[in-house]
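Observations on the model geometry
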Amino acid sequence: MADNIKDQIKTDLQQVKETGQQRVDRIREIVKLAVGGVVSEFKEGSVELRVLVKDAVSAVAENLQGKGSEIKEEITASIEGAVEAVDSKRREALNKSQTEVKLLQAQIDDEEDKIQQEVDGILTEIEDTSQEKSTEAQTAIKSAVESIKNSEEASLLKKRYAQLQAQIAIVRANLAARYGGDGDNVQTFLNDAKTWYEKSRPQGEEIVTQVKDKHSDVEVKLAEAGSSLAKKESQLKQKLRELLLSTADWLK
């Protein structure tokens, strides 16, 4: 099978020479199609698959012998094509798992909301029944209830959770873009990041200038990454990397 792949790649590369097409893009596509056609026949992480990928890249290198330093872009393209082929096949199962995780996350969020509503109801009931107590008792109960409702620890936990979920989504967007995920995958992760980012933003409170600047920077980088993806611009990976770095700084 490896020999067949090498022969197929060499034949296709010869056609590229003859037609004068865009070499780098065509090399990436040739290797991607060749590896993608058989990758599903191998188990994840199998030695055979790694050998196949190595042979595919080797076929390109052999075809480009004698060209000196000019072959770097072509070799890079061949490696990218092989990685994209493996990634796209494996990502099908990953996408299914991620869909299931999102459903579970939605269920968890719904259950958390119900718990919060139940606790709020109990606290309200306690506050209402305090009307029968003395003024001092009413004041003490009201103060205790307000303290529990506005717990700084609970608020911070929710904020940190949302921040971490936003960063995870941005990490996934970077991985999808870097290792061959399609635009829909990247956009999905960016949308997730925006949703969690909004949940993490301070609401109805004064925030120091430094924190405000960090939030603004993340907001700008999110918009730039989304715009770059929509326009299919080549600097998407760089925009996503900048977004990831901004998020890391935002979480400090």
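Quick look at the structure, then.

Brief notes about the side chain of S78
Structurally, S78 is set in helix α4 (residues 72–129). The residues contacting S78, other than those within four sequence positions of it, are I27, V31, V57 and V60.

Describing the pattern of salt bridges
Summed over the entire model, instances satisfying the criterion amount to seven salt bridges. The salt bridge involving E80 is made with R28; its shortest N-O contact spans 2.9 Å. In this pair, E80 is assigned in helix α4 and R28 in helix α2 (residues 23–36), connecting sequence segments 52 residues apart. We classify E80 as partly exposed; its relative accessible area is 27%. Between E84 and K32 there is a salt bridge whose closest N-O contact spans 3.7 Å.

Remarks on the packing of α2 against helix α3 (residues 47–63)
Packed helices, taken two at a time, are described by the angle between their axes plus the distance between the axes. Close contact between α2 and α3 brings their axes to 11 Å; oriented N to C, the two are set at 150 degrees. Along this stretch, α2 crosses α3, giving a crossing that reads as right-handed. Here I27, V31 and V35 of α2 lie close against α3, whose contacting residues are V53, A56 and V60. Within the contact of α2 with α3, the residues separate by chemical class into six nonpolar, no polar and no charged.

Some details on helix α9 (residues 236–250)
Look at α9: 21 Å from first C-alpha to last across 15 residues, which is about the 21 Å you get at 1.5 Å a residue. Within α9, the full set of buried residues consists of L236, L240, L243, S246, T247 and W250. Angular distribution of buried residues about the axis of α9 spans 120 degrees; they occupy a single face of the element.

Comments concerning the packing of aromatic side chains
Applying the stated criterion to the full structure yields two aromatic pairs. Look at Y161 and W196: their rings are 5.5 Å apart centre to centre, the planes differ by 85 degrees, and that puts the pair in the edge-to-face class. With Y161 in helix α6 (residues 152–178) and W196 in helix α7 (residues 183–200), this pair connects stretches of sequence that are 35 residues apart. Look at W196 and you get buried, because its relative accessible area is 12%. Its guanidinium or amino end placed over the ring of W196, K199 lies 4.4 Å from that ring's centre, counting from NZ or CZ.

Thresholds applied
Starting from 1, residues in each chain are numbered consecutively following that chain's sequence as written. Where local features are concerned, this predicted model is filtered to residues with pLDDT of at least 70; where side-chain atom pairs are given and counted, the filter is 80 or more; whole-chain, interface and lining totals use all residues. Hydrogens are left out, water is left out, and the side-chain values use all remaining heavy atoms of the structure. By definition, any uninterrupted DSSP run of H or I lasting at least four residues is a helix, any uninterrupted run of E lasting at least two residues is a strand, and each is numbered from the N terminus. Working rule for contacts: check all heavy atoms of both residues, and any pair within 4.5 Å makes them a contact. By salt bridge we mean one thing: a side-chain nitrogen of Lys or Arg within 4 Å of a carboxyl oxygen of Asp or Glu. Note on classification: 1.4 Å probe, protein chains only; a residue is buried when its accessible area is under 20% of the maximum for its type, exposed when over 50%, partly exposed between these limits. In this description, a line fitted to the C-alpha atoms serves as the axis of each element, helices being fitted only across the stretch in contact, and the angle between N-to-C directions of two axes falls anywhere from 0 to 180 degrees. Here is the rule for handedness: rotate from the far helix to the near one, and if that takes an anticlockwise turn smaller than a right angle the crossing is left-handed, while a clockwise turn gives right-handed. The nonpolar class holds Ala, Val, Leu, Ile, Met, Phe, Trp, Tyr, Cys and Pro. Asp, Glu, Lys and Arg form the charged class, and all remaining residues, Gly among them, are polar. In this scheme, a helix's expected span is set at 1.5 Å multiplied by one less than its residue total. As used here, the arc belongs to the directions running from the helix axis to the C-beta atoms. Two aromatic rings from Phe, Tyr or Trp, using only the six-membered ring of Trp, form a pair when their centres are within 6.5 Å; if the ring planes differ by under 30 degrees the pair is stacked, by over 60 it is edge-to-face, and anything between is tilted. Put simply, a charge is over a ring when the Lys NZ or the Arg CZ is close to the ring centre, within 6 Å, and near the line of the ring normal, within 35 degrees.

Read these as spatial facts, not as claims about activity.
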